Each structure stands twice: as C-alpha cells, then as structure tokens.
Amino acid sequence: MASLFSSRGVVSFVLLLGWWGFHLMGYNCCYGEGMVPAMYVFGDSLADVGNNNHLETLLKADFPHNGIDYPGHKATGRFSNGKNSADFLAEKLGVPSSPPYLSIPSNSNKTDVFMNGVSFASGGAGILDSTNSGQCLTLNKQIDYYSTVYGTLVQQLGSAQAQEHLSKSIFAVIIGSNDMLNYVKSSSSKNLKSTPQQFVDSLISSLQGQLKRIYNLGARKFAFIGTGPIGCCPSLRHQNKTGDCNVEANYLSVLYNKGATSMLQELKSQLGDMSYSFFDTSSALLLYIQKPASYGFAEVKAACCGLGDLNAKIACIPISTYCSNRKDHIFWDFYHPTETTAGMLVNTAFDGAQPFVYPMNIRQLSAL
Ligand SMILES: *[C@@H]1O[C@H](CO)[C@@H](O)[C@H](O)[C@H]1NC(C)=O
Ligand SMILES: *[C@@H]1O[C@H](CO)[C@@H](O)[C@H](O)[C@H]1NC(C)=O
C-alpha cells in the first residue's frame, strides 16, 4: 500500500528538472513563449497542485485513482484524474505550472523559483478562516506566504524590478466554493443562520480586503475564476432524493459571482492601475450540464470515481471504482471536475467572451 502513496518523490524530481531548465535559460528570461513572466495562484482544490501533500489533513488527493490520466499516471495531490484548471491556465499562458509553495526546497535559490510563479492553492481553502480550519491553507494564510515571496523578490531584485515583474504577471484566484458548501451543510440551524445574501456579502467584503492586500504586494493583473454550479456536484445531487441539483447552493453561487463582479469593478475604479478578467464558471458549466451532447459529455450527474449512488457517497479513494470513459464525464469525483471539463472551462476563460468572461478574457488581460 505504501508505494501507492509515495508520489511526492516523483513530483519533486520533475519540479527540479523544471527549475534546472529555467536555470539554463538564464535568470531574466521567460519560459518558452510565455505571454507573461509568471503566474501566482491562490485558491482551493480546484487549483491545488500539491500543497496539501505537505499538510497534516484529511483533504488530500495524493493517492490513486487521482492522477490516472496525469503524465506518468501519478497522483500528485491534484483533485483530478489529470490536469486541473491551474495547469491548463499555465499552458495557455506559456509559463510553467506554478509549483506548490510548500514543496519548494529550503536550499533552492528562492529568487529564481519565486520569479517563475508559485501556487498557494490548497484543497479545502475558503475565504473565511473558519472554513475547514486547520485542514488547509486558508486564503489569508496563502496571502501571508505570498507576502514572504514578495519580500524575497524585493530584497533580491530591488523594489522597482520586483514591481515590474509582478505587475506583468497573472494572479489567478479560484476560491469561494468551500465557504458556500459549508454554509449549505450547516442549514440545520436555519433560524440562527444569516440569509444567503448576507452570507455572500460577508464573503465578498472579506475577499475585497484580501485582493487589496495582494494588490498592495505588487499584483496588477487578476484572473478571477468565479464559482461553478456547486449544487450540481455529485455530492449535493446525491443528497437530493431526485438526484437534481441543490437549489440553494446554486443560488449562493450566482449571488457570489454577481457580488464578485461588482466588487472587482469597484476595486478597479478605486485602484486605477489594477486589471482583471472575471470568468463565470457557473454559466459556462451549466451549459455543459444542460446540453451535454453538444459539448461531448454523456454523464453529467454521476462522478467517475467514487462509490454509492452517483459514485457520490464515498470520495475517490483507492478502494473506489472509476469509469473508463473519463472524457465524457463532467465530474471526476463527488466535488471536482474531470480534466476534460477543466480544460474546456479554461479555454473559455482564456479566449471566450461575454457573458462567460468579462470585461476581457485572460488572453486580453495577459496582453495588457
Ligand atoms: C539566485 O538568483 C538570483 C537571480 O536569479 C541571483 O541574482 C542570485 O545571485 C542567486 N543567488 C545564489 C545564492 O545563487
Ligand atoms: C431537489 O430537487 C428538486 C427538483 O427535482 C428541487 O425542487 C429541490 O429543491 C431539490 N432539493 C434541494 C435541497 O435543493
């Protein structure tokens, strides 16, 4: 059993090879045909590329059948059968997949590594510190770590050069789903709870402060990925007798995306030199769910990997079963999209248009 879980060595090896490659290309150069110098990633399990491998937590994915379609068929800590949104976004930008912050060896040249982008994304993370507290790097913790990265870059490169580098880089933010899932789960005490609008307002208000903090640490280009129709994930469908989507969860997500849209607009007018691209994952993913055949999907409800009704009673763990037709499933496990779904969503975020992505797509944001 132990060998099934020892994916970490392989990951570090691949990352080291990657760093060696950049080293040979010269410090100040870019990676390949990169449209931007680097990407810095904040978020949850939709973007985690292995930070949680380094935490004592139940929220892990560094075991089969995760990674079954990843190069080398390795479980890397990604909550996916293959690549996730952060990987596809990096590919589109022509930059390396940002390594997990917690995987960076202490004896490496931090400046070199940090210049090529870093991922702070952590499975289970939320906007609120109380969301999966103790089980993940909360968004606030992720920003604390980023502030260390910022400090190192300023110290090594000088303030002007660090600012120059960061202002051209992409700051991807994929967060919010876990906060809302926890709100839905806690619906037993309905009379004590804030209303969906009040709850989402508190998320957005907190997020505004968090984005400002990232801005104050040099970020200027935000690729903000809104939340998906979380009520349609197999886990929540499983809890509905009819197998339909959870209405309250989808409503929260709509409110969140609306709130984030106006908050970003406000930030831009406040800060002036900040730019963003907002991607409405809910609208895009609902299209696939409503007209699966048009998008090449055959299974919109059941997870590919799991156990029980809709493969959604049990997570994707080594004893779970998994499907062979992974390309026609929207969901990999009871919460996360398949590699195919993630790739299609990123295509739209990168090159799409209104009403899915605005006020510009990520390609346009990169080119600014
Ligand atoms: C680390 O990299 C930076 C920039 O690439 C370089 O200026 C510095 O000398 C390197 N430090 C060491 C200890 O090699
Ligand atoms: C379950 O699905 C039905 C639609 O068939 C919907 O009316 C109901 O609100 C759903 N339950 C929850 C908890 O969302």
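Residues numbered from 1 in each chain as written. Chains lettered and ligands numbered in written order. Predicted model: local features only at pLDDT ≥ 70, side-chain atom pairs only at ≥ 80, totals over all residues. Heavy atoms only, no water.

Per an unreviewed UniProt entry, the chain is named GDSL esterase/lipase At5g55050, and its organism is Elaeis guineensis var. tenera. Word for word, the UniProt comment on the chain under Sequence similarities (unreviewed entry) is "Belongs to the 'GDSL' lipolytic enzyme family." (UniProt positions renumbered as here; feature names shortened; annotations may be inferred.)

(A) Broad picture of the packing of helix 6 (residues 177-185) against helix 9 (residues 247-271). Their axes nearest at 10 Å, the elements helix 6 and helix 9 cross at an angle of 145°. Between helix 6 and helix 9 lies a crossing whose hand is right-handed. When helix 6 is examined against helix 9, the residues M180, Y183 and V184 are found in contact with a partner set consisting of E248, A249, L252, S253 and Y256. Taken together, the residues of the contact of helix 6 with helix 9 sort by class into six nonpolar, one polar and one charged. (Axes fitted to C-alpha atoms, helices over the stretch in contact; angles between N-to-C directions. Helix = DSSP H or I, 4+ residues; strand = E, 2+ residues; numbered from the N terminus. Left-handed = near helix turned anticlockwise from the far one by under 90°. Contact = heavy atoms within 4.5 Å. Nonpolar A, V, L, I, M, F, W, Y, C, P; charged D, E, K, R; others polar.)

(B) Representation of the state of the cysteines within the structure. What the rule picks out here adds up to three disulfides. Each sulfur in the disulfide pair C232 and C245 lies 2.2 Å from the other. Handedness here is read from the sign of the S-S torsion; for C232 and C245, about 105°, the answer is right-handed. With C232 in the loop between strand 3 (221-225) and helix 8 (234-238) and C245 in the loop between helix 8 and helix 9, this residue pair connects regions lying 13 residues apart in the sequence. With a sulfur-sulfur separation of 2.1 Å, C304 is cross-linked through a disulfide to C323. Torsion about the S-S bond of the C304 and C323 cystine: about -115°, corresponding to left-handed handedness. Placement of C304 in the loop between strand 5 (299-303) and strand 6 (329-331) and of C323 in the loop between strand 5 and strand 6 is noted, with a sequence separation of 19 residues between them. Within the chain, bonded cysteines paired by disulfides and numbered along the sequence follow the pattern 1-2, 3-6, 4-5. Here C233 stays free of any disulfide, with the sulfur of C232 as its closest cysteine sulfur at 8.2 Å. (Disulfide = S-S within 2.5 Å.)

(C) Seen up close, the site of ligand 2. Neighbouring ligand 2 are the residues N240, T242, D244, C245, N246 and V247. At 2.4 Å, a side-chain N or O of N240 approaches an oxygen atom of ligand 2. Within the contact set of ligand 2, an oxygen atom lies 3.0 Å away from a backbone nitrogen or oxygen of V247. Contact with the protein chains hides 49% of the accessible area of ligand 2, taken as 360 Å² for the molecule alone. Split by residue class, the shell around ligand 2 holds two nonpolar, three polar and one charged. (Near = heavy atom within 4 Å. Polar contact = N/O pair within 3.5 Å; in protein donor to acceptor, adjacent residues only side chain to side chain. Areas by Shrake-Rupley, 256 points an atom, 1.4 Å probe, with all protein chains shown as cover.)

(D) Structural view of the side chain of T57. As for its placement among the helices and strands, T57 is situated in the loop between strand 1 (39-43) and helix 2 (85-93). Note on T57: relative accessible area 12%, which makes it buried. At 2.9 Å, the side chain of T57 forms a polar contact with the backbone nitrogen of L59. With near-sequence residues (within four places) excluded, T57 lies in contact with N52 and Q135. (Buried < 20%, exposed > 50% of the residue type's maximum accessible area, 1.4 Å probe, protein only.)

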